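Structural overview
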Amino acid sequence: EELMYGKLLGTAGVGLFMIAVWIGCGVIAAYATPGAIADFIRPALDPLTSPGTIIAMIWFFVFGYLEVAVLFLAIGAVSDSMRDAQGYLMPVILLIIMPISILMQSVLGGNTGGMLLEVLTWVPLWTPFGVLARLGLGIPTWEVIATGILLAAFTALELVLLARLFRASLLAQGQKPSIAEMIARMRTAPQ
């Protein structure tokens, strides 16, 4: 478990550092430089004046990042080679990305509601993307809080199940597990 949490902490640290650098560069470009670029970036930073929006953005980013990082970590644990990892990664990446492209089209089209947009917001795998996209369009506070609780609960459950898979897969090195074996490994509590 320490190995898994160490890998997860390192991955999360790198991701959060990258986001901090991007935000820092955006703030510098918006407020320390004159010209068209600064005029273009300043309106994008306007939502960051609300403490509630800032807290929601941090919450959904951190939990969304953990959610995806744990999936990738579990894929790395059950893979013996890069070829195996790529075989597992492709369907997972498609599962994550396909609905996001639909979400982006709705947001760019100015669609503030719609059944599909709301459904994507309530599916834990896509909740971070849905809520962060809808923050600028207007999303009820109760929905932000409820989806935030759902995302945290799903991420905690994912950590427990995939930690079991990670532990069992490390101990069974060299044996490529089937889907049924992976599910059995997630069900088995640590001794």
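The following paragraphs examine the structure supplied in this document.

Cut-off values and rules
For every chain, the first residue of the written sequence is number 1, and numbering continues from 1 onward in sequence order. Local features in a predicted model are, by the rule used here, given only for residues with pLDDT of at least 70; side-chain atom pairs are given and counted only at 80 or more, and totals for whole chains, interfaces and linings are based on all residues. With hydrogens and water stripped out, all remaining heavy atoms of the structure feed into the side-chain values. Counting from the N terminus, the helices are the DSSP runs of H or I reaching at least four residues and the strands are the DSSP runs of E reaching at least two. It only takes one pair of heavy atoms within 4.5 Å for two residues to be counted as in contact. The working definition used for a salt bridge is a side-chain nitrogen of Lys or Arg within 4 Å of a carboxyl oxygen of Asp or Glu. Classification of residues uses two cut-offs on accessible area relative to the type maximum, computed with a 1.4 Å probe and protein chains only: under 20% is buried, over 50% is exposed, and between them is partly exposed. Each pair of aromatic rings taken from Phe, Tyr and Trp, with Trp reduced to its six-membered ring, is defined by centres within 6.5 Å and is described as stacked if the planes are under 30 degrees apart, edge-to-face if over 60, and tilted in the remaining cases. Take the buried residues of types Ala, Val, Leu, Ile, Met, Phe, Trp, Tyr and Cys, join any two whose side-chain atoms come within 4.5 Å, and each joined set is a nonpolar core. Under the convention used here, Asp and Glu are negative, Lys and Arg are positive, and both His and the chain ends fall outside the count. Only residues above 30% relative accessible area that lack a salt bridge enter a patch, with like-charged residues linked at up to 9 Å and the nonpolar side chains Val, Leu, Ile, Met, Phe, Trp and Tyr linked at up to 5 Å. Computed with a 1.4 Å probe, the accessible areas rest on the Shrake-Rupley method; for each residue, only the protein chains presented here act as cover. In this description, a line fitted to the C-alpha atoms serves as the axis of each element, helices being fitted only across the stretch in contact, and the angle between N-to-C directions of two axes falls anywhere from 0 to 180 degrees. Just so you know how the angles are binned, under 35 degrees is roughly parallel, over 145 roughly antiparallel, 65 to 115 roughly perpendicular, and the rest oblique. Note on convention: near helix rotated counterclockwise from far helix by under a right angle means a left-handed crossing. Clockwise means right-handed. Throughout this entry, Asp, Glu, Lys and Arg are counted as charged residues, while Ala, Val, Leu, Ile, Met, Phe, Trp, Tyr, Cys and Pro are counted as nonpolar. The remaining residues, Gly among them, count as polar. As used here, the arc is the angular range of directions from the helix axis to the C-beta atoms.

Turning our attention to the overall build of the chain. Per the secondary structure count, the chain includes 8 helices and 0 strands. Secondary structure of the chain in N-to-C order comes out as α-α-α-α-α-α-α-α. Nonlocal contacts in the chain, meaning residues at least 24 apart in sequence, comprise 62% of its contacts between residues at least 6 apart.

With the rule as written, the count across this model stands at 1 salt bridge. Of the charged contacts, one joins E143 and R134 as a salt bridge, the two residues approaching to 2.9 Å between their closest N and O atoms. The burial state of E143 is the same as that of R134; both residues are buried.

Both the distance between ring centres and the angle between the ring planes are used here to describe each pair of aromatic rings. Throughout the structure, instances matching the rule amount to 3 aromatic pairs. Taken together, a centroid distance of 4.5 Å and an interplanar angle of 45° make the contact between W59 and F63 tilted. Here F63 and W59 lie together in helix α3 (residues 51-78), a separation of 4 residues that amounts to about one turn. By relative accessible area, F63 is classed as buried at 18%.

Tracing the chain through its elements places R187 in helix α8 (residues 179-187). Residue classification places R187 among the exposed residues on the basis of a relative accessible area of 68%. With 23 residues separating them in the primary sequence, R187 and R164 have C-alpha atoms 7.6 Å apart.

So, on to the nonpolar core. Counting 26 residues, the largest nonpolar core has M4, L8 and I96 as the members making the most contacts within it. Mapped by element, the contributors of at least two residues to this core are α1 (2-31), α3, α4 (82-108), α5 (115-122) and α7 (141-171). No other element matches the 9 residues that α3 contributes to this core. Aside from chain neighbours lying at most four places away, what touches M4 is L73, L159, L162, A163 and F166.

For the rest of this paragraph, the subject is the side chain of E67. Relative to the helices and strands, E67 resides in helix α3. It turns out E67 is buried and unbridged, and the closest side chain with the opposite charge, R134, is 15 Å from it. The residues touching E67, leaving out its near neighbours within four places in the chain, are P124, L125, P128, L151, F154, T155 and E158.

What follows covers a nonpolar patch on the surface. Taken together, the side chains of V14, F17, M18, V21 and W22 make up a nonpolar region of the molecular surface, amounting to roughly 540 Å² of accessible area. Mapped onto the elements, V21 comes out in helix α1. On the basis of relative accessibility, which here comes to 37%, the residue V21 falls in the partly exposed class.

The interhelical angle for the contact between α3 and helix α6 (residues 127-135), taken along N-to-C directions, is 160°, at an axis separation of 9 Å. The angle between α3 and α6 places the two elements in the roughly antiparallel class. Crossing angle aside, the handedness with which α3 passes α6 is left-handed. Touching T53, A56, M57, F60, F61, G64 and E67 of α3 are T127, P128, V131, L132 and L135, all from α6. Within the contact of α3 with α6, the residues separate by chemical class into 8 nonpolar, 3 polar and 1 charged.

Taken together, the buried positions of α6 are T127, P128, G130, V131 and R134. Within α6, the buried residues cover an arc of 165° as seen down the axis, which keeps them to one side.

Turning to the environment of S106, a few remarks are in order. Position of S106 relative to the elements: it lies in helix α4. Each C-alpha atom, one on S106 and one on R134, is 9.9 Å from the other, the two residues being 28 residues apart in sequence.

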